[in-house]
Amino acid sequence: MIDLHGLRRQEAFIALRHFLSRAQRDGARLVLVVTGKGERGGAEDAESGVLRRNVPHWLRAAEYNAIVVGFEEATRSHGGAGALYVRLRRRDRAPRGMQSP
């Protein structure tokens, strides 16, 4: 599991990449990524939930094809809309030319 709470967007992007690469290397098939749901209310509402919105886009990006098979919202007991289950590709099944670091 990785909890991205409190990280800035760029910090979260790097931490997620390292975490997923390490988890794949260690043989994990499913991991939990906690993004949080974002701040509620207040004047910063337009900026809330930055990680919740961005992490799915990152996981769909070409640079993750060698690592990520798919993802879905976690059950309520694991964070619901503020967390994702991420299914990892077996390292030996990564598309040619796209091995993870």
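Everything below is about the structure printed above this text.
Residues numbered from 1 in each chain as written. Predicted model: local features only at pLDDT ≥ 70, side-chain atom pairs only at ≥ 80, totals over all residues. Heavy atoms only, no water.

(A) Region of the structure containing the overall build of the protein chain. When helices and strands are counted, the protein chain shows 2 helices and 4 strands. For the protein chain, the succession of helices and strands along the chain, N to C, is β-α-β-α-β-β. With 101 residues in all, the protein chain has 39% of them scored as buried. Summarising the internal contacts of the protein chain: among those between residues at least 6 apart in sequence, 59% fall at separations of at least 24. (Helix = DSSP H or I, 4+ residues; strand = E, 2+ residues; numbered from the N terminus. Buried < 20%, exposed > 50% of the residue type's maximum accessible area, 1.4 Å probe, protein only. Contact = heavy atoms within 4.5 Å.)

(B) Region of the structure containing the nonpolar core. L16, L20, V31, V33, V55, L59 and V86 are the most contacted members of the largest nonpolar core, which has 19 residues in total. Elements with a minimum of two residues in this core: α1 (9-25), β2 (30-34), α2 (50-60) and β4 (83-88). Broken down by element, this core gets its largest block of residues, 5 residues, from α1. Those residues in contact with L20, other than ones at most four positions away along the chain, are V31, L59, Y64, I67, V68, V86 and L88. With 5 residues, the next largest nonpolar core counts V34, A74, A83 and Y85 among its residues. (Core = buried A, V, L, I, M, F, W, Y, C linked by side-chain atoms within 4.5 Å.)

(C) Structural detail: the pattern of salt bridges. For the structure on display, the rule yields 1 salt bridge. A salt bridge links R87 to E72; its shortest N-O distance comes to 3.1 Å. Remark: E72 occurs in strand β3 (residues 68-73) and R87 occurs in strand β4; sequence separation between them is 15 residues. (Salt bridge = Lys/Arg side-chain N within 4 Å of Asp/Glu carboxyl O.)

(D) Structural context of the pairing of β2. The buried fraction of β2 is high, at 4 of 5 residues. This β-α-β element, strand β1 (residues 2-3) to α1 to β2, shows right-handed connectivity. Sheet topology note: the β2/β4 ladder contains 5 bridges and is antiparallel. Bridging across to β4, V31 finds its partner in V86. (Right-handed = clockwise from strand over helix to strand, strands pointing away. Pairing = 2+ DSSP bridges.)

Purely geometric numbers; function is a separate question.
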